[in-house]
Amino acid sequence: PARFEIRGEIFFPRKNFEKLNREREAAGEPLFANPRNTASGTLKLQDSSIVAKRGLDCFLYAVAGDALPFANHFESIQQAGEWGLKVPSEKENYIRRCSDIDAIMEFIDYWDAARKELWFDIDGVVIKVNNYRQQQELGFTAKSPRWAVAYKFKAEQVSTLIESVSYQVGRTGAITPVANLKPVLLAGTVVKRASLHNADQIEKLGLHHGDTVFVEKGGEIIPKIVGIDLSKRDEHSGVFRFPDACPECGTQLYRNEGEAQHYCPNEMGCPPQIKGKLVHFTGRKAMDIEGLGEETIEQLFAAGLIITIADIYDLRKEQLLPLERMAAKSVNNLLSGIEASKSVPFERVLFSMGIRFVGETVAKKLARHFRNIDAIAAASVEELVAVEEIGDKIALSVYEWFRLPANLQLIDRLRSAGVQLELDPSQIKEKGDRLKGLSFVVSGVFKNYSRDGIKEFIENNGGKVSGSVSKKTGYLLAGDEAGPSKLTKAQELGVKIISEEEFDKLLAE
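The sections below set out a description of the structure shown in this document. Computed from a predicted structure; not experimentally measured. (Residues numbered from 1 in each chain as written. Predicted model: local features only at pLDDT ≥ 70, side-chain atom pairs only at ≥ 80, totals over all residues. Heavy atoms only, no water.)

## Looking at the sheet that holds strand E11 (residues 439–443)
Taken in spatial order, the four strands line up as E12-E11-E13-E14 in an open sheet, and their pairing is parallel. The open sheet has two edge strands with one neighbour each: strand E12 (464–466) and strand E14 (496–498). For this sheet the average axis-to-axis angle between neighbouring strands, irrespective of direction, equals 35°. In terms of strand pairing, E11 meets strand E13 (residues 475–478) through four bridges, oriented parallel. Across the sheet, residue Ser443 finds its bridge partner in E13, namely Ala478. In the packing of helix H18 (residues 451–460) onto the sheet, contacts are made with E11, E12 and E13, and the angle to E11 comes to roughly 175°. The strands touched by helix H19 (residues 484–493) are E11, E13 and E14; relative to E13, the strand with the most contacts, the crossing angle is about 150°. (Pairing = 2+ DSSP bridges. Helix = DSSP H or I, 4+ residues; strand = E, 2+ residues; numbered from the N terminus. Axes fitted to C-alpha atoms, helices over the stretch in contact; angles between N-to-C directions. Contact = heavy atoms within 4.5 Å.)

In structure tokens, the structure reads:
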């Protein structure tokens, strides 16, 4: 192709990593813990000559681009190999086409044993849908593709002593218990802490003070406690009990029916919640305020300069200059970053507010549907649920957030500061009414429309598009290679199945 992109992964071959550590040992320098972390750290070095000497390697495993001449993933990888790019080799069994689950499990079982003989480290196998059309049909969530999944091998396990349990408070008030462990080497790194997730997990483990616990790394990265060595338990040790009050502000905790997490309701006065909201608001995917990272937020909070997100827009040069590490240049950069954030689109502003259950995708749906903050604030639970992909739990959370006077004051202050609280007019397309009152599920590949294009077309003509077939579905618009499960369900429920040509006739009528 005239233009394409290829993606892959950089890693440290075992021999090169061992050679590097021998050189460091000879020079009296501390040894690196493991190849994975060392590869990551090496790539962050500013001196490229040092990076070049260390002997990193890579595999390229995904070809991307517009109008590529390939029907499937495997074919594109094979062709990239013929172009001279370093790709996983079928000959070495690094990549294989599988037609059923038995073949997949055979491949997994082979590498679970054979990985010990590899010249680089792996922690699992990635399973992908091969056909590009099917990949397109499955699409993506906000964070990952629906057409690929990682199968992780059983992690290495060690035992160590649990010395205490501390409790972290998140920006939403969620309380997360964390086990403080006697330091132990696990998969190349020293582990001192492991999440216990919630009260149910502590109860399920039956955790006692001073227990010896089994620890492993989930996905070879995050330490977690998977069991207890009862043979080493002191019979006089007491059971760990989840606290009734917030460890930071002393407020009585609550737990919603059907949820595992305990929460601190003092969101306006609990320090970790306040700082967590500020960090979330200024983050890269939210307002992306340059110069306002976690350390600076901590400093400004400690100085009493910011407590709410609106306080950020009241910061002045004369307040900032007397602070430690705040020279004129850094202050100017910070204030410029704050000023630039006023042009961040409304959907990102809505996400940045940190409303519980409102992630990037939900914020976008709400912004596109209601178009401005006042319309969302005035919406009933029923009106919120009517928005595509908004369920009862999300709707109730949004409704309750906008009923709090402190949050309405916050919005007024953000509006006064010049923050974008409505959709840009260029993003608003006036809808026709040719398909008003009709609901569609779209599946398959079409001759005259892209899948996203046909969905947008339906919505711009007053219709609704859903991701799954239900009793409320009016039509299943089925193109070539339409999903068999959607077709079956439509037939079972008596939903009318129409082709692309029948859809055009429907428009004409």
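## A word on the pattern of salt bridges
Enumeration according to the criterion identifies 24 salt bridges in this entry. Note that Lys285 is salt-bridged to Glu360, the shortest N-O span being 3.7 Å. You can see Lys285 sitting in the loop between helix H8 (271–282) and helix H9 (294–302) and its partner Glu360 sitting in helix H13 (residues 360–370), a full 75 residues away along the chain. Two residues, Glu501 and Lys447, come together in a salt bridge whose shortest N-O distance is 3.5 Å. Of this pair, Glu501 sits in helix H20 (residues 500–508) while Lys447 is found in the loop between E11 and H18, placing the two residues 54 residues apart along the sequence. Residue Lys447 is classed as exposed on the basis of its relative accessible area of 65%. (Salt bridge = Lys/Arg side-chain N within 4 Å of Asp/Glu carboxyl O. Buried < 20%, exposed > 50% of the residue type's maximum accessible area, 1.4 Å probe, protein only.)

## Here we look at the nonpolar core
Residues Tyr313 and Met353 are the most contacted members of the largest nonpolar core, which totals 53 residues. Those elements that provide at least two residues to this core are H8, H9, helix H11 (328–340), helix H12 (346–352), H13, helix H14 (373–378), helix H16 (392–401) and helix H17 (405–417). It is H13 that provides the largest number of residues to this core, a total of five residues. Not counting residues within four places of it along the chain, the set of residues in contact with Tyr313 comprises Phe281, Met287, Ile289, Ile338, Ser341, Lys342, Leu414, Ala417 and Val419. (Core = buried A, V, L, I, M, F, W, Y, C linked by side-chain atoms within 4.5 Å.)

## Examining the layout of surface pockets
Considered as a void within the structure, the second largest pocket measures approximately 500 Å³ in volume. Tyr254, Glu267, Arg356, Ser397 and Glu400 are the residues nearest the centre of the second largest pocket, which is lined by 20 residues in total. Going through the elements one at a time, H8 and H16 are the ones with two or more residues in the lining of the second largest pocket. With five residues, H16 is the largest single contributor of residues to the lining of the second largest pocket. (1 Å grid on protein atoms, 1.4 Å probe; cavity = no way out; pocket = protein on both sides within 12 Å on 5 of 7 lines; lining within 4 Å. Points joined across faces, edges and corners; volume = space filled by probe spheres on them.)

## Quick word on the packing of H8 against H9
At a minimum axis distance of 10 Å, the contact between H8 and H9 shows a crossing angle of 135°. Comparing their axes, H9 and H8 come out oblique. Considering the relative orientation of H8 and H9, their crossing is right-handed. Note on element contacts: H9 touches H8 through Glu294, Ile297, Glu298 and Phe301, opposite Pro271, Ile274, Lys275, Leu278, Val279 and Thr282. When the residues that make up the contact of H8 with H9 are grouped by side-chain class, the tally is six nonpolar, one polar and three charged. (Parallel < 35°, antiparallel > 145°, perpendicular 65-115°, else oblique. Left-handed = near helix turned anticlockwise from the far one by under 90°. Nonpolar A, V, L, I, M, F, W, Y, C, P; charged D, E, K, R; others polar.)

## Quick word on the packing of aromatic side chains
Here the structure, examined in full by the defined rule, presents 23 aromatic pairs. Relative to Trp111, the ring of Tyr94 has its centre 5.8 Å away and its plane inclined at 50°; by these criteria the two rings are tilted. A residue pair is termed long-range when its members are at least 10 positions apart, and Tyr94 in the loop between helix H4 (73–82) and helix H5 (101–114) and Trp111 in helix H5 qualify at 17 residues. An aromatic cluster is built from Phe11, Phe59, Tyr94, Tyr110, Trp111, Trp119 and Phe120, whose rings are joined through pairwise contacts. Across from the ring centre of Phe32, 4.1 Å away, lies the NZ or CZ of Arg24, which sits over that ring. Cation over ring: Lys393 sits above Phe357, and NZ or CZ is 4.8 Å from the ring centre. (Phe/Tyr/Trp six-rings, centres within 6.5 Å; stacked < 30°, edge-to-face > 60°. Lys NZ or Arg CZ within 6 Å of the ring centre and 35° of its normal.)

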